[in-house]
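Results of the structural survey
Listed below are the residues making up each chain.
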Amino acid sequence: MNREIDRAYVYSNLCKIKRQRQKILARDREAPRQYINGENHFFCGQSYLLKVIEHQGPPEVNLTPQILKLYVRPHTSQNKRHHLISEWYRQQLKLIIPALIVKYEPIMGVEVREFGVKRMKTRWGTCNSRAQRIWLNLELAKKPLACLEYVVVHEMTHLLEHRHNDRFWGLIDTFYPQWRQHREELNRLPLG
């Protein structure tokens, strides 16, 4: 695209862009995490108390009923603790997502060749239909599984229809009829 077309697009959608920006800025945010004992952390929509256990072995994250255990060496920095839990979230999503993709590929008649998980500031997911690749937001590890399923189906639908037009929403209605409820829930929950 040339710059004039880009500029015309932005000007013609300026009100919409400003409204979306205001929505994002107005969303509730989680309090900054310090990664200390007794802090609440979420996984799959459930709240867990963080228990930091200092030991001499390698770092590790374990989930038990009601408790997220973080094993670290003494004097491990807050940044390192954050990184360890983020990587644990990433690993958990990489275990959960393939089953969702496998579930919906035959229903939708599409193939996802590759998926990835990364931190995103303003989106829950993206799709590169040419490469048949979807990316999902790391924050989805904290949200209920039904919300993750909605985002996976949403991104997979982009393999059939690039735009958010009537055909796209009709396809989502066919593949995941309860999408409205889960999108609303996802957008109501605080951001990280």
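Predicted model, so just to flag it, every value in this text is computed and none were measured. (Residues numbered from 1 in each chain as written. Predicted model: local features only at pLDDT ≥ 70, side-chain atom pairs only at ≥ 80, totals over all residues. Heavy atoms only, no water.)

**Details of the packing of aromatic side chains**
For clarity, the cut-off: Two rings from Phe, Tyr or Trp (for Trp, the six-membered ring) form a pair when their centres sit within 6.5 Å of each other. Planes less than 30 degrees apart are called stacked, planes more than 60 degrees apart edge-to-face, and all others tilted. In DSSP terms, a helix is any run of H or I states spanning at least four residues, a strand is any run of E spanning at least two, and both are numbered starting from the N terminus. Each residue is assigned to one of three classes by its accessible area relative to the maximum for its type, calculated with a 1.4 Å probe on protein chains only: buried under 20%, partly exposed between the two thresholds, exposed over 50%. Here, a charge over a ring means that NZ of Lys or CZ of Arg falls within 6 Å of the ring centre while also lying within 35 degrees of the ring normal.
Scanning all chains against the criterion turns up seven aromatic pairs. Ring geometry for F43 versus Y89: centroids 6.5 Å apart, planes at 20°, classification stacked. You can see F43 sitting in strand 1 (residues 40-43) and its partner Y89 sitting in helix 3 (residues 78-108), a full 46 residues away along the chain. Under the relative-accessibility criterion, F43 is labelled buried at 11%. Among the residues examined, Y89 registers a relative accessible area of 5% and is labelled buried. An aromatic cluster is present here, built from Y150, F168, W169 and W179 joined pairwise through their rings. A cation sits over an aromatic face here: K118 above W135, 4.8 Å from the ring centre.

**Structural notes on a nonpolar patch on the surface**
Operational definition: What makes a patch is a set of residues exposed beyond 30% relative accessible area and free of salt bridges, joined within 9 Å when like-charged and within 5 Å when nonpolar (Val, Leu, Ile, Met, Phe, Trp, Tyr). A 1.4 Å probe and the Shrake-Rupley method give the accessible areas. Residues count as covered only by the protein chains that appear here. Between Lys or Arg on one side and Asp or Glu on the other, a salt bridge is scored when a side-chain nitrogen of the former is within 4 Å of a carboxyl oxygen of the latter.
Taken together, the side chains of Y9, V10, Y11, L14 and I17 present a nonpolar region at the surface, about 500 Å² in accessible area. Within the residue set of the nonpolar patch, elements represented by two or more residues are helix 1 (3-12) and helix 2 (14-26). Residue contributions to the nonpolar patch peak at three residues, all from helix 1. Following the sequence through the fold, I17 ends up in helix 2.

**A few points about the pattern of salt bridges**
The final tally for this structure, using the stated rule, is nine salt bridges. Across the salt bridge formed by E139 and R119, the nearest N and O atoms sit 3.5 Å from each other. Of this pair, E139 sits in the loop between strand 7 (133-137) and helix 4 (145-157) while R119 is found in the loop between strand 5 (114-118) and strand 6 (125-128), placing the two residues 20 residues apart along the sequence. D173 serves as the salt-bridge partner of R180, at 2.9 Å between the closest nitrogen and oxygen. Three or more residues joined by partner-sharing salt bridges are found here, namely R119, E139 and K142.

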